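# Survey of secondary and tertiary structure
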Amino acid sequence: AGGARVAGRLVVLRKVQLGEAVVEDVRAVVLEGDQLNLRDGLLGMSFLENFVFQIDTKREELILEKR
């Protein structure tokens, strides 16, 4: 996300669920260690492309609407 090159392994997650939003067969990359200093991970477009989404910065909410 920040332009750095890192080593990782491509996987397909059977299901990713965020609240009531569910997507099956999501492509993801698993990094060894904490190469990007991310404690909780990064939600990418392989999940988000299934939704029309907005970020409400005032309420600190991600709003997802299924496509």
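This text follows the structure it describes.
Everything in this summary refers to the structure shown in the same document. (Residues numbered from 1 in each chain as written. Predicted model: local features only at pLDDT ≥ 70, side-chain atom pairs only at ≥ 80, totals over all residues. Heavy atoms only, no water.)

## Regarding the nonpolar core
The condition that has to hold: Among the buried residues, those of types Ala, Val, Leu, Ile, Met, Phe, Trp, Tyr and Cys that are joined through side-chain atoms within 4.5 Å form a nonpolar core. Here's how the labels work: a residue is buried when its accessible area is under 20% of the maximum for its type, exposed when over 50%, partly exposed in between, all with a 1.4 Å probe on protein chains only. Starting at the N terminus, helices and strands are each numbered in turn, a helix being any DSSP run of H or I of at least four residues and a strand any DSSP run of E of at least two. Two residues qualify as a contact provided that any one of their heavy atoms is within 4.5 Å of a heavy atom in the partner residue.
Ranked by size, the top nonpolar core spans 7 residues in total: Val16, Ala21, Val23, Val26, Phe47, Leu48 and Phe51. Residue assignment for this core shows that the elements contributing at least two residues are β2 (21–31) and α1 (45–48). For this core, the element with the highest residue contribution is β2, accounting for 3 residues. When near neighbours in sequence (up to four residues on either side) are disregarded, Val26 contacts Val11, Val12, Leu13, Val16, Ser46 and Phe47.

## Structural notes on the side chain of Ser46
Which entries qualify depends on this criterion: N or O atoms closer than or at 3.5 Å make up a polar contact, with two conditions inside protein: a donor-capable atom paired with an acceptor-capable one, and, for residues adjacent in sequence, both atoms drawn from side chains.
Inspection of the secondary structure assignment puts Ser46 in helix α1. The buried category is assigned to Ser46, whose relative accessible area is 18%. A polar contact is formed between the side chain of Ser46 and the backbone oxygen of Arg27, at a distance of 2.6 Å. Setting aside anything within four residues of it in sequence, one finds Ser46 in contact with Val26 and Arg27.

## Looking at the pattern of salt bridges
Test applied: Any Lys or Arg side-chain nitrogen located within 4 Å of an Asp or Glu carboxyl oxygen qualifies as a salt bridge.
Applying the stated criterion across every chain yields a total of 2 salt bridges. The residue Arg27 makes a salt bridge to Glu49 at a minimum N-O spacing of 3.9 Å. Taken together, the residues span a long stretch of sequence, with Arg27 in strand β2 and Glu49 in the loop between α1 and β3 (51–56) at a distance of 22 residues. Under the relative-accessibility criterion, Glu49 is labelled partly exposed at 40%. Glu61 is paired through a salt bridge with Arg59; the nearest N and O atoms lie 3.9 Å apart.

## Some thoughts on the packing of aromatic side chains
The geometry of an aromatic ring pair comes down to the distance between the two centres and the angle between the two planes. The following threshold applies: In this scheme Phe, Tyr and Trp rings, the latter by its six-membered ring, pair at centre separations within 6.5 Å, and the angle between planes marks the pair as stacked below 30 degrees, edge-to-face above 60, and tilted otherwise.
For the coordinates displayed, the defined rule picks out 1 aromatic pair. Pairing Phe47 with Phe51 gives two aromatic rings, centres 5.2 Å apart and planes at 40 degrees, and the pair type is tilted. Judged by relative accessible area, which is 1%, Phe47 ranks as buried.

These figures come from the coordinates and say nothing about function on their own.
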